[in-house]
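Residues per chain, in single letters:
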Amino acid sequence: MEIRDLLQERAKLVKEAENFLDEHTAKDGTLSAEDNETYRKMDEKILALTTTIERKQTLALRKAEWNKPTSEPVLNKPGAADNKVGRASDEYKKAFVSAIRSNFQHVNNVLQEGVAASGGYLVPAEWDSRLIDEVAKECVMRQLATQFTTNGEHKLNLAKSKPEAVWVAESEALTFDNATFDQITFDAYKLIAKIAVTNELLSDNAYDLESWLIEKFGEAIGESEEDAFLNGDGNGKPTGLFVEAVTDVQTTNGNSVSGDDLINLVYSLRNGYRSKAAFIMNDRTLAQIRKIKDQNQAYVWQPSYAAGEPDRLLGYPIYSSAFAPIAESGKAFIAFGDFSYYNIADRGERSVRRLYELLAGNDQTAFLMSERVDGHLVQPDAVRLLKLK
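Treat the numbers as computed from the prediction; the structure is a model and nothing was measured. (Residues numbered from 1 in each chain as written. Predicted model: local features only at pLDDT ≥ 70, side-chain atom pairs only at ≥ 80, totals over all residues. Heavy atoms only, no water.)

**A look at the overall build of the protein chain**
So, point 1. Regarding its fold elements, the protein chain presents 11 helices and 14 strands.
So, point 2. When contacts within the protein chain are restricted to residue pairs at least 6 apart in sequence, those whose partners lie at least 24 apart make up 76%.
So, point 3. When the accessible area of the protein chain is evaluated, it comes to approximately 21,600 Å², of which 47% is carbon and sulfur surface. (Helix = DSSP H or I, 4+ residues; strand = E, 2+ residues; numbered from the N terminus. Contact = heavy atoms within 4.5 Å. Areas by Shrake-Rupley, 256 points an atom, 1.4 Å probe, with all protein chains shown as cover.)

This is how it looks when you write it as structure tokens:
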């Protein structure tokens, strides 16, 4: 089935589930054991279909990437030199892939300009761009945050005091409080991903080893980044969103979240941040929220009907992550805000090196990719967290 057909099928199942709840929910808001089991099976079908849709969308994006031309069209006169230099040149990329296939036993001299200080070789410039695309598919924060690259320690000065405006009479002295500033330092925490490749695959020149490596490294790095950007404590890893954001809203009871709780969370955020705001929560939390209605008896969660568009909660986009906190008493578990105020700083370039002898007995070769990255919520007021009572 096409993605469009799957979206329509899911919307149909969601409507059937909503109608079932409307017809079988008792006045106290409960379901009988039999009805609860029936609804559970309906919910499983919806979740399975959602997983299929996400898988097909990811595959479609990857196919589009793989089908891109592997080289630039010939626009110059025959024999004209390639204007790209260093890691951006075709010569460097070809030499890099060739070195990987030979387990770095045959290294072209062109790679010497890409030797990493910590060992290994810097990936081609094109790989950096494609890797970020792959990482973003696994890491929702890469999709929503602001990203930049730095070559050294980066310090960001932020106004701590609010801007002022005062009414003054003619000829009256103008006085303002002294402005104060905070400083956020972006460090360079090292993340290393390992993948194993069969030696048979390395020697198969017909196989698109380049795309496969980018995809697998992207998956591994994306999952680790997602966890750190959401939950990291800043000790050897980035500081997470759920650590730095403001927590000033809690649920009315300690067992579940209600529609009123979500509305309180939305309006705890300043209006200026709400225009670009979204929700982030765990899949388990989302499964519970899908049953919630507002005062008009309309479900607060609405499925997406268009490919590439997120589902919505109270009219705002909603993103789920397996690494978002689960609901636990006294802890924040739902984030709402403008996540572009979370900044991700990539330090330099990524490098790849061979891990010698580790898997030689299995006729496999292991490769390590390393990156340096940090993340901070530079404006804590831009995100609000909901805590379970």
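**Some thoughts on the side chain of K93**
So, point 1. Relative to the elements of secondary structure, K93 occurs in helix 3 (residues 90–101).
So, point 2. With relative accessibility at 10%, the residue K93 sits in the buried group.
So, point 3. Separated by 3.0 Å, the side chains of K93 and E126 make a polar contact. (Buried < 20%, exposed > 50% of the residue type's maximum accessible area, 1.4 Å probe, protein only. Polar contact = N/O pair within 3.5 Å; in protein donor to acceptor, adjacent residues only side chain to side chain.)

**Focus on the sheet that holds strand 7 (residues 278–281)**
So, point 1. In spatial order, the strands read 6-14-11-7-10-9-8; together these 7 strands make up an open sheet with mixed pairing. The sheet terminates laterally at strand 6 (246–250) and strand 8 (301–302), the two strands that pair on one side only.
So, point 2. As judged from the 4 bridges shared by strand 6 and strand 14 (residues 383–387), these two strands associate in the parallel manner. In the strand pairing of strand 14, T247 is matched with L385.
So, point 3. In this fold helix 9 (residues 259–267) packs onto strand 6, strand 7, strand 9 (312–313), strand 10 (316–320), strand 11 (332–337) and strand 14, with an angle of close to 155° to the strand it touches most, strand 14. (Pairing = 2+ DSSP bridges. Axes fitted to C-alpha atoms, helices over the stretch in contact; angles between N-to-C directions.)

**Quick look at the pairing of strand 12 (residues 342–355)**
So, point 1. Judged by how many residues are buried, strand 12 sits mostly within the fold: 10 of 14 residues are covered.
So, point 2. Here strand 1 (residues 121–122) pairs with strand 12 via 2 bridges, running antiparallel. Considered in strand 12, the bridge of L122 is made with S351.
So, point 3. Alignment of strand 2 (residues 146–150) against strand 12, held across 5 bridges, turns out to be parallel. Pairing of T146 across the sheet is with N343, part of strand 12.
So, point 4. Inspection of the sheet shows strand 12 paired to strand 13 (residues 364–377) by 11 bridges, in the antiparallel sense.

**A word on the nonpolar core**
So, point 1. Judged by nonpolar contacts, the single largest core of 53 residues is most densely connected at F96, I100, M141, L213, L241 and I280.
So, point 2. When residues of this core are assigned to their parent elements, the largest contribution, 8 residues, is made by helix 7 (residues 209–231).
So, point 3. Excluding residues within four positions of it along the chain, I100 makes contact with W127, L202, L209, L213 and F367.
So, point 4. Residues L6, Y39, A277 and I289 belong to the second largest nonpolar core, which totals 38 residues. (Core = buried A, V, L, I, M, F, W, Y, C linked by side-chain atoms within 4.5 Å.)

**Comments concerning helix 3**
So, point 1. Between the first and last C-alpha of helix 3 there are 17 Å, a value that for 12 residues agrees with the 16 Å anticipated at 1.5 Å per step.
So, point 2. Taken together, the buried residues of helix 3 touch strand 1, helix 4 (125–138), helix 6 (199–203), helix 7, strand 12 and strand 13. (Expected span 1.5 Å × (residues − 1).)

**As for unusual backbone geometry**
So, point 1. A positive phi is found at L314, a non-glycine position, where the angle reads about 55°.
So, point 2. With respect to the helices and strands, L314 occurs in the loop between strand 9 and strand 10.

**A short note on the pattern of salt bridges**
So, point 1. Evaluated as defined, the whole model comprises 18 salt bridges.
So, point 2. In this structure, E210 and R130 form a salt bridge, with 3.0 Å as the shortest nitrogen-oxygen distance. Pair noted here: E210 is in helix 7 and R130 is in helix 4, with a separation of 80 residues, a long-range link.
So, point 3. E210 gets classed as buried once you look at its relative accessible area, which sits at 13%.
So, point 4. Classification of R130 by relative accessible area gives buried; the value is 11%.
So, point 5. Linking D346 and R142 is a salt bridge whose minimum nitrogen-to-oxygen distance equals 2.9 Å. (Salt bridge = Lys/Arg side-chain N within 4 Å of Asp/Glu carboxyl O.)

**Quick word on the packing of helix 3 against helix 7**
Axes are the key here: two packed helices are described by the angle between their axes and the distance separating the axes.
So, point 1. For the pair helix 3 and helix 7, interaxial distance at closest approach is 11 Å and the crossing angle is 80°. Considered as vectors, helix 3 and helix 7 are oriented roughly perpendicular to each other. Of the residues in helix 7, those in contact with K93, V97, I100 and R101 of helix 3 are L209, E210 and L213.
So, point 2. By residue class, the composition of the contact of helix 3 with helix 7 is 4 nonpolar, no polar and 3 charged. (Parallel < 35°, antiparallel > 145°, perpendicular 65-115°, else oblique. Nonpolar A, V, L, I, M, F, W, Y, C, P; charged D, E, K, R; others polar.)

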